[in-house]
Amino acid sequence: MAGLCQLIWWLNPLFVTGHKRKLEEDDMYKVLAEDSSERVGEELQWYWDKEVQKAKKEARTPHLTKAILLCYWKSYLALGFFTLIEETLTVIQPVFLGKIINYFEVFDPLDTAALNFAYCYAAALSVCTLILAITHHLYFYHVQRAGMKLRVAICHMIYRKALRLSNTALGKTTTGQIVNLLSNDVNKFDQVTIFLHFLWAGPLQAIAVTALLWIEIGPSCFAGMAILIILLPLQTCIGRLFSSLRSRTAALTDVRIRTMNEVITGMRIIKMYAWEKSFSELVSSIRRKEISMVLKSSYLRGLNLASFFVASKITVFMTFMTYVLLGNVISASRVFVAMSLYGAVRLTITLFFPAAVERASEKFLDLMFDSYIYSSINILSSLLSAVLGELPKDKGLMDVRGRIAYVSQQPWVFPGTVRSNILFGREYEREKYEKVLKVCALKKDMDLLEDGDLTVIGDRGATLSGGQKARVNLARAVYQDADIYLLDDPLSAVDAEVSRHLFEKCIYRALHQKVSILVTHQLQYLHAVNQILILKEGKMVGKGTYSEFLNSGIDFASLLKKNEEVEQSPIPGIPTMKSARNRTFSQSSVWSQDSLVQSQKDGTTEPLVTALPEESRSEGKINFKIYRKYFAAGANYFVIFILLLLNILAQVRYLMDDLLHVNCLNTTLNKMDIVLTKMLLHCIIKELDLCIYCDRFCLILGLTMATVLFGIVRSLLVFTVLVNAGQTLHNKMFQSLLKAPVLFFDRNPIGRILNRFSKDIGHLDDLLPLTILDFIQTLLQIFGVVAVAVAVIPWILIPLVPLCILFIFLRRYFLDTARDIKRLESTTRSPVFSHLSTSLQGLWTIRAFRAEQRFQKLFDAHQDLHSEAWFLFLTTSRWFAVRLDAICAIFVIVVAFGSLLLAKTLDAGQVGLALSYAITLMGMFQWGVRQSAEVENLMISVERVMEYTELEKEAPWESNKHPPAEWPSQGVIAFENVNFTYSLDGPLVLRHLSVLIKSKEKVGIVGRTGAGKSSLIAALFRLAEPKGRIWIDKYLTSELGLHDLRKKISIIPQEPVLFTGTMRKNLDPFNEYTDEELWNVLEEVQLKEAVEELPDKMETQLAESGSNFSVGQRQLVCLARAILKKNKILIIDEATANVDARTDELIQKTIREKFAQCTVLTIAHRLNTIIDSDKIMVLDAGRLKEYNEPYILLQEKESLFYKMVQQVGKAEAAALIETAKQVVLKEVVIKFVSLVLFFTS
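So, here's what we can say about the structure. Everything numeric here is computed off the predicted structure, so don't read it as measured data. (Residues numbered from 1 in each chain as written. Predicted model: local features only at pLDDT ≥ 70, side-chain atom pairs only at ≥ 80, totals over all residues. Heavy atoms only, no water.)

To continue, consider the overall build of the protein chain. Along the backbone of the protein chain there are 40 helices and 15 strands. In the protein chain, which comprises 1241 residues, the proportion classed as buried is 58%. Accessible surface computed for the protein chain: about 52,300 Å², of which carbon and sulfur atoms make up 60%. (Helix = DSSP H or I, 4+ residues; strand = E, 2+ residues; numbered from the N terminus. Buried < 20%, exposed > 50% of the residue type's maximum accessible area, 1.4 Å probe, protein only. Areas by Shrake-Rupley, 256 points an atom, 1.4 Å probe, with all protein chains shown as cover.)

On to unusual backbone geometry. Cis geometry marks the peptide bond from tryptophan 967 to proline 968; its omega dihedral reads -10°. With respect to the helices, strands and loops of the structure, proline 968 is situated in the loop between helix H30 (908-949) and strand S6 (973-980). For alanine 441, which is not glycine, the phi torsion reads 55° and is therefore positive. Following the sequence through the fold, alanine 441 ends up in the loop between helix H16 (430-439) and helix H17 (443-448).

Okay, the nonpolar core next. Most often, soluble globular proteins keep nonpolar side chains buried together rather than apart. Residues Ile422, Cys440, Tyr630, Leu737, Phe975 and Leu1016 are the most contacted members of the largest nonpolar core, which totals 276 residues. Examining the composition of this core, we find that 22 residues originate from one element, H30, more than from any other. Look past the residues within four positions of phenylalanine 975 in its chain and what remains in contact with it is Leu993, Ser994, Val995, Ile997, Leu1016, Leu1020, Arg1029 and Ile1030. Counting residues in hydrophobic clusters, the runner-up holds 26 residues, among them Cys221, Met225, Val324 and Val335. (Core = buried A, V, L, I, M, F, W, Y, C linked by side-chain atoms within 4.5 Å. Contact = heavy atoms within 4.5 Å.)

Moving on, we come to a nonpolar patch on the surface. Together, Leu383, Val515, Ile517, Leu533 and Met540 make up an exposed nonpolar region whose accessible area comes to about 390 Å². By secondary structure assignment, the location of valine 515 is in strand S3 (residues 515-519). A relative accessible area of 40% means that valine 515 is categorised as partly exposed. (Patch = residues over 30% accessible without salt bridge, like charges linked within 9 Å, V, L, I, M, F, W, Y side chains within 5 Å. Salt bridge = Lys/Arg side-chain N within 4 Å of Asp/Glu carboxyl O.)

Right, let's get into the pairing of S6. Among the eight residues of S6, six are classified as buried, and the element is accordingly described as predominantly covered. Pairing between S6 and strand S7 (residues 990-997): five bridges, direction antiparallel. In the sheet register, phenylalanine 980 faces S7, and the bridge partner there is leucine 990. In this structure, S6 lies alongside strand S9 (residues 1027-1032), joined through five bridges in antiparallel fashion. Across the sheet, the residue bridging to glutamate 976 is arginine 1029, located in S9. (Pairing = 2+ DSSP bridges.)

Another aspect to go through is the sheet that holds strand S14 (residues 1175-1180). The six strands are arranged S11-S12-S13-S8-S14-S15 in an open sheet whose pairing can be described as mixed. Of all strands in the sheet, those with a lone pairing partner are strand S11 (1049-1052) and strand S15 (1183-1188), marking the two edges. Geometrically, the sheet is characterised by an average inter-axis angle of 20° between neighbouring strands, direction not taken into account. Relative to S14, strand S8 (residues 1002-1006) runs parallel, the two sharing four bridges. Bridging across to S14, isoleucine 1005 finds its partner in methionine 1177. Of the strands in this sheet, S8, S11, strand S12 (1129-1133), strand S13 (1159-1163) and S14 touch helix H31 (residues 1013-1020), which is tilted by about 140° from S13. Of the strands in this sheet, S11 and S12 touch helix H36 (residues 1111-1125), which is tilted by about 165° from S11. (Axes fitted to C-alpha atoms, helices over the stretch in contact; angles between N-to-C directions.)

Moving on: the packing of aromatic side chains. Counting across every chain of the model gives 37 aromatic pairs. Taking the centre distance of 5.8 Å and the plane angle of 45° together, the rings of phenylalanine 414 and phenylalanine 424 count as tilted. Residue phenylalanine 414 is found in the loop between strand S1 (404-407) and helix H15 (418-423), and its partner phenylalanine 424 is found in the loop between H15 and H16; the two are separated by 10 residues along the sequence. Joined through ring pairs, the aromatic side chains of Phe15, Phe809, Tyr813, Phe814, Trp879 and Phe880 make up one cluster. It is lysine 432 that lies over the ring of tyrosine 479; its NZ or CZ is 4.6 Å from the centre. Lying across the ring of phenylalanine 424, arginine 476 places its NZ or CZ 5.1 Å from the centre. (Phe/Tyr/Trp six-rings, centres within 6.5 Å; stacked < 30°, edge-to-face > 60°. Lys NZ or Arg CZ within 6 Å of the ring centre and 35° of its normal.)

With that out of the way, let us pick up the environment of arginine 829. Looking at the element boundaries, arginine 829 is found in helix H27 (residues 797-841). Taking the relative accessible area as the measure of exposure, arginine 829 reaches 3% and is therefore buried. For arginine 829 and arginine 752, which are 77 residues apart along the polypeptide, the C-alpha to C-alpha distance reads 8.4 Å. Dropping the residues within four chain positions of it, arginine 829 is found in contact with Asn755, Lys759, Asp760, His763 and His866. Within the structure, the side chain of arginine 829 is placed 3.0 Å from the side chain of glutamate 825, a separation counted as a polar contact. (Polar contact = N/O pair within 3.5 Å; in protein donor to acceptor, adjacent residues only side chain to side chain.)

What follows concerns the side chain of threonine 1159. Here threonine 1159 lies in strand S13. Threonine 1159 sits in the buried class, given a relative accessible area of 0%. Reaching out from threonine 1159, the side chain makes a polar contact with the backbone oxygen of glycine 971 at a distance of 2.6 Å. There is a polar contact of 3.1 Å between the side chain of threonine 1159 and the backbone nitrogen of lysine 1000. Once you skip the residues sitting within four places of it in the chain, threonine 1159 turns out to touch Gln970, Gly971, Ile973, Ile997, Lys998, Ser999, Lys1000, Glu1001, Lys1128, Ile1129 and Leu1130.

The following block contains the structure:
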């Protein structure tokens, strides 16, 4: 009771605030300690661990259900007490109703004793009504809160499990699959707790009702109960069938979410390849299968709901036909008592009990992920994986002592500020932090960022270049002050100058007292290390010092450029590598050599959860336009009109049944008067009665069958229209997403976008159609009940009109707050998914830094924020419902006592109708109003989906101006005063760029990180619209359709992307090439052997993001794609940055052979890959600084390119200059031979 009193009052200030203005996150109340994610999660985890241990001893599979039961059975069992009270009162209430009607049947104005008893029965009926209102909402408050705790605990466990997934298990488990567990599957726990008590309450209530009906109408009750008992197994079977369909739907949803996750992650590549249509077809195909299952599930739900609404008609019809045919006379008290009792048991037997069976039989989760062995792995990275413990050892010993810091090959950053990414949970020490920025070459980058190191870098580090992300990763490791540093090729993503700076200042100096294992393809630095380990095909083929290898003649020597001038100590002042490793990072005197520069922003600590830009939220009530668009998406206006008409007809049929029952009752009562006056012979009366009953039997049977038919048809039609609406909106949203500019994906975290496709689409498929149908049926029943009640007893309007006015006002007041809370619930859900997605991407880094506990706390913090909104959503709904039921209870009391006060003017039938309708209205009215509010709340999901159907679009895929099929035939590219920015309010990343690239020219593009190299490619592909003009073979690119442009330019991207699907689909998504062509191209890139080893060759399904291939192999697949397209223009965006020297050599050789007649633009940090280019383009801060032949640029000692070459070391620089010289000589010889041949011919 105390809980209810609190529920009535403590939310009032929130509603006042919500009525005045839009609610914000700060307005929400902190989550209760006993509901916190960490507490409930760890509690259930303890029981799960016990269950796992017990199962291991008993040699069986552990069951999550058992752990849940052990954890929650005591607290949940106690809630059964409320169910017992509620169901008992529901059964007793019709008895008191019967006693009041009975008083009117034998009404005697002089019998004061009977009147006193009638007042007592009215008082008892009123008390029952009030207690029912209290216990019902106390029960629902507690079971929904229990459901919330269970869901939160399961989510905590899923994330905990995800952080501990083995490397092999990750091969088959996808991010989309785990996101779907958190977004859709676990939501069933919110509902399962509501109905479970009805598994025992339903049968008990049925027995009690049968007993009372036996007392009231004798054996005739079995006719009605038989109908309910027949419906019970039928609905139970439907419930089980529904759960089977649900599990199949969940599997398809997993696939769709996984695919969506890959599409969102790889959207930049998809756009560059112009593969949007291919992925549109893929997602549409999966969605069609999913929606087919959803539709079947919805039809089953429709049958369940229809049976609930028609069950009362069938049961009453069968009961009283049997009663009359057995020779009994109907009385008002018997009719209304029976109808009320059937009404009470119908709700439990036909709705709650099947729902309990449906929820209980549904399989929600499988926390045990399957294992999957990688088919091939990067050997060098695998060595580090083994040290990290990510790869299980087969045999032998491995002893790792000390704290490890790990820098991954593919840089990983999480949403937050640059500073929070570097600190990674450590305390902010300004002096130490500034030194880390300096040695990791990040100071200049911090100056360029608008908010310095407090710039929010977003999901996947969208605002940083590849090199900046690599240096942030390195800075994170250096700041940790670990004992062992595992550096997986951190130098490959940066230019030569920065690479040298990082090696000299960071790896060689700052970490000189640490154990450092550096995986690298930058061989120019090997002379400075203590030990070199050479691996080949997973085996160690050599170990020793630099000088030992040079003298050994081993394969290693062929990889290096021997030079007598190799410096043994190239960096003055660097301590020797043999110096003692006994000082900590913070005491290192190395730092004193570099002067300090202040951080961009001062601060002492980094908050636990970094505030990201808030997700947009609508304000105010849901616009009618949203409803109109939603229904129009499901069907045309004619079908919607038919649907509306069908619903009205179904309700009219329903009411005609009621009116006929009342008419039949009045006729029967009149017949009693005829019998009593003995004006007709007994046989005539019998004959007349039989005639009347036969006529009425046929009429009522016909109406009942019509009611059943209309009820089923309208349910199925409503579900068909609304599920189709969900399908249409999903397709529109996905199409809109595919046409959105790349900037949209850079600014919005994956979790935020996935939230729309998982939770919001889940609402459109699952909850919204059911809620709308329930609301429509309830609303029409309310109108019908009120119409009949007013027609029979006009004075009932007196309390009814103010009641309706009060309801409308209360609903409006409630929705002012409820809408904002629902929107907050939706937006606070997104960070949970984003955090999970980000964590899975950086799993190795998190585990290497032993940061699992901190990331678990971050996840719990995100969950607690969502729980604040969800808890308010539950409690505000109860706040509203308590008030509605209180008003309805007052209405019942007024009608009960009002009937007694007006006893002289009313007959038993009228009182029975008025009271039974008042009791029916009590539940129905407040349920209808609450369902209308729930519809509006769920329509927020429609609003959010529609928001994504109207995203800003990039230029059209096709335009009226189509270039010829053979375009571009020459491959001439001209930039004319091009300025480029990724957004209208963003800084210029290319400034006044004008350059001509001739046909078949090979152009190397260089510049320090952030100089605008990748932006130049983005401008060429029109990932954002550049200002100025870009021409390709005399066609202005801005006048072409994006697909016409992008399909004609091949690219080998910086980060190779493979998608889940077959190898064939990854090479040829549009089935444009034959098997022979595909095998030939795989052979050319030396992947044929690897693909042939796969179980189904080219038809083998790849793991998520192609993770069962090494980075080098994925890059070769991208090369194969480029060869297949046979375009005249090829872009290579640092394609060999993350591959070993042999793969690099293979790629370069293939490019020279296959693309000799093409224009090739190569962005590279390894200068040896572009030194033989026809031209070198040097960019700095978005401006073209130099553009000429390499050898000519190297002759100018002040040129930026010359300085960059000198940064790689003397030996390497000399080799590069020599190569450039040989290229010039070769060209001269070719020209000379050409001239000789020309003149001699």
